[in-house]
Amino acid sequence: MCMENTIFETKDLAFNAQIYYQDIKIIKDKVNFIVGPSGTGKSSLLRLLNGTLSPSGGEIYYQSTNILEMDTIELRKEVSLISQSVFLFDESIRENFRLFYDYRGLDKPSDHMMEEYLKICNISFSLDKDCTTMSGGERQRVYLAIFLSFMPKVIMLDEPTSALDKDNGLTVIQNVVDFCKNNNITVIIISHDNHLTQSFGENIIIIGKEGINE
Amino acid sequence: MNSIIKLDIIHFSLIYLLLLIILAIMKKSKINQTKLLLLASFRMTIQLILAGLILTYIFDNPHPAFVVIYLLGMIAFSVHRVLSKNKDINKNFKLAITFSLAFSGVFILGYFVMVVVGESFFSPQYTIPLAGMIIGNSMTGATLGMKTFTEDIKNQRNKIEALLNLGVTPKKILLPFVNNALETALLPTMNNMLGMGIISLPGMMTGQILSGTEPTTAIMYQIAIMIAICTAVCLTVFCSLTFGYKTLYNSRNQIKL
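The rules behind the values
- Residues numbered from 1 in each chain as written.
- Chains lettered and ligands numbered in written order.
- Predicted model: local features only at pLDDT ≥ 70, side-chain atom pairs only at ≥ 80, totals over all residues.
- Heavy atoms only, no water.
- 1 Å grid on protein atoms, 1.4 Å probe; cavity = no way out; pocket = protein on both sides within 12 Å on 5 of 7 lines; lining within 4 Å.
- Points joined across faces, edges and corners; volume = space filled by probe spheres on them.
- Helix = DSSP H or I, 4+ residues; strand = E, 2+ residues; numbered from the N terminus.
- Buried < 20%, exposed > 50% of the residue type's maximum accessible area, 1.4 Å probe, protein only.
- Expected span 1.5 Å × (residues − 1).
- Pairing = 2+ DSSP bridges.
- Axes fitted to C-alpha atoms, helices over the stretch in contact; angles between N-to-C directions.
- Polar contact = N/O pair within 3.5 Å; in protein donor to acceptor, adjacent residues only side chain to side chain.
- Domains from an automatic or database assignment.
- Buried area = accessible area lost by both parts, 1.4 Å probe.
- Nonpolar A, V, L, I, M, F, W, Y, C, P; charged D, E, K, R; others polar.

> I tried to follow empty space enclosed by the protein on my own but got confused; where do I start?
By rolling a water-sized probe across the atoms, one finds the places where empty space is left. All names here are of chain A. All told, the structure shown has one cavity of 30 Å³ or more when counted by the stated rule. Contributing to the lining of the largest cavity are Ile82, Ser83, Val86, Gln140, Tyr143, Leu144, Leu157, Asp158 and Pro160. Elements with a minimum of two residues in the lining of the largest cavity: helix H5 (136-149) and strand S8 (154-158). For the lining of the largest cavity, the element with the most residues is H5, which contributes three residues.

What follows is the structure in structure tokens.
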């Protein structure tokens, strides 16, 4: 039922019996943007896709498999959601990588690797830098770098530039998009920034008011 | 050893005069809690008089049913106290706390009375006062443990969400919270044990010595009750949280706080 280049597909999806989504297709290896007014369930959609929320109706297919038949832990390892609320441990950048990797049951990556991912996110601090002394935007980028380093198959960014100034936001998204293109990672971005959407969007999904209570 | 001097009601009531000191200090320091002090003193008096009457009756007419009813009442009251301070948790979590408190309390109490003292479990003279100490302390431990657990989880929602999105299992995310709460709940009891005998003679021992028991016997009882309390607190909090935290997530690995 899925076309070859579709990685996610939804059918009659509803959440909380309040939000009804039109059928959505996320295209594999492309940059997919989800746009629309506030309160239309964009963030909830991402959480439905990674199975941290359950729909009140309808189905979600990931690579043609209904996600209800999948182990949600495996799904989340492949489909990584970088939410708006950033969490970092009150430690150095290096220690943050180590702790997150430890939670996933993995050894921490090499310093060189950490620096590579930080560079993609436009962070040039030493790995010993304490994360508690960083600005909101810096923390957001370190958080992004850590998630990126796990090399998921799909990366979902919820308002990735909300805490960044315009130039910084553009650079980071450009780098992340380049990185994902080179590594065949599908990107899904929620953004209110028209400029960003127009510059990078290859598949733009508009979730509109008409999607509510239809 | 002399047996205890019985207090007559006139002399006994003189102790209430000490409350005037507290009232005077409160007034001077503008502490607006005089009502609470009077209410607390009044309630304590009434509750203890009732307990005294009931215990006198039970001791005069010992019957297993009385012991069971008294125990059930204590458990129900302590469960109520713990749950009233943790209203926001789900129904199954509450069930886990109820069973953990009841099971741990009765198990440790039974071991103490039947194995260590060598008395019948239905002997009111031993079972009822020891139950009060064991279950009362378990209640305090469970309240502290649950408070720590729920507050930590509330304050660290971001952490839980981030780890969940990264594909970490709810078990791995929540266990550190369980362990931390257990540690916090155990610390007061252990600290209490550290200072025991140096800073103060503990309540049960004081009571036994006052009523004419040999200090060596009183000491053994005190040591036994402290270890029993520590174990009961540990078991209650461990079981409550170990069974309880599993009610916070489902088979889809979604955490509901």
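> Can you walk me through unusual backbone geometry in this structure?
Across the chain, the bulk of peptide bonds are trans and the bulk of non-glycine residues have phi less than zero. Residues and elements named next belong to chain A. The phi dihedral of Asp12 falls on the positive side, at around 50 degrees, and the residue is not glycine. Accessibility expressed as a relative area gives 56% for Asp12, which makes it exposed. In this structure, Asn184 is a non-glycine residue whose phi angle is positive, near 55 degrees. Here Asn184 lies in the loop between helix H6 (166-182) and strand S9 (186-190).

> Looking at this structure, how should I read the environment of B:Lys246?
All names here are of chain B. By the element assignment, Lys246 lies in the segment after helix H10 (215-244). Look at Lys246 and you get partly exposed, because its relative accessible area is 42%. The sequence separation of Lys246 and Lys171 amounts to 75 residues, and the corresponding C-alpha distance is 7.7 Å.

> Which parts of the structure should I look at to understand H5(A)?
Since there are 3.6 residues in each turn of an α-helix, residues three or four apart along the chain are aligned in direction. Between its first and last C-alpha atoms H5(A) spans 20 Å; for 14 residues at 1.5 Å apiece the expected length is 20 Å, and the two agree. Burial of H5(A) is extensive: 13 of the 14 residues sit out of reach of the surface.

> Where do I start with the sheet that holds S9(A) in this structure?
Hydrogen bonding along the main chain pairs the strands of a sheet, whether they run parallel or antiparallel. All names here are of chain A. Ordered by their spatial adjacency, five strands build an open sheet running S7-S8-S9-S4-S10, and the pairing between neighbours is parallel. Looking at the sheet topology across the chains shown, the edges are occupied by strand S7 (79-82) and strand S10 (203-206). Averaged over all pairs of adjacent strands, the angle between their axes in this sheet comes to 15 degrees, without regard to strand direction.

> Sorry, what's going on with the side chain of A:Thr197 here?
All names here are of chain A. Looking at where Thr197 falls in the secondary structure, it is placed in helix H7 (residues 194-200). The exposure class of Thr197 is buried, given its relative accessible area of 3%. At 2.8 Å, the side chain of Thr197 forms a polar contact with the backbone oxygen of Asp193.

> What is the right way to read the domain arrangement of chain B from this model?
Often the size quoted for an interface is simply the accessible area lost on bringing the parts together. Residues and elements named next belong to chain B. We note that the domain assignment places domain 1 (1-61) and domain 2 (64-248) within chain B. Counting the surface lost from both domain 1 and domain 2, the interface buries some 850 Å², and carbon and sulfur atoms represent 80% of this. Remark: the boundary between domain 1 and domain 2 carries zero residue pairs in polar contact (both at pLDDT 80 or more). By residue class, the composition of the side of domain 1 that touches domain 2 is eight nonpolar, three polar and no charged.

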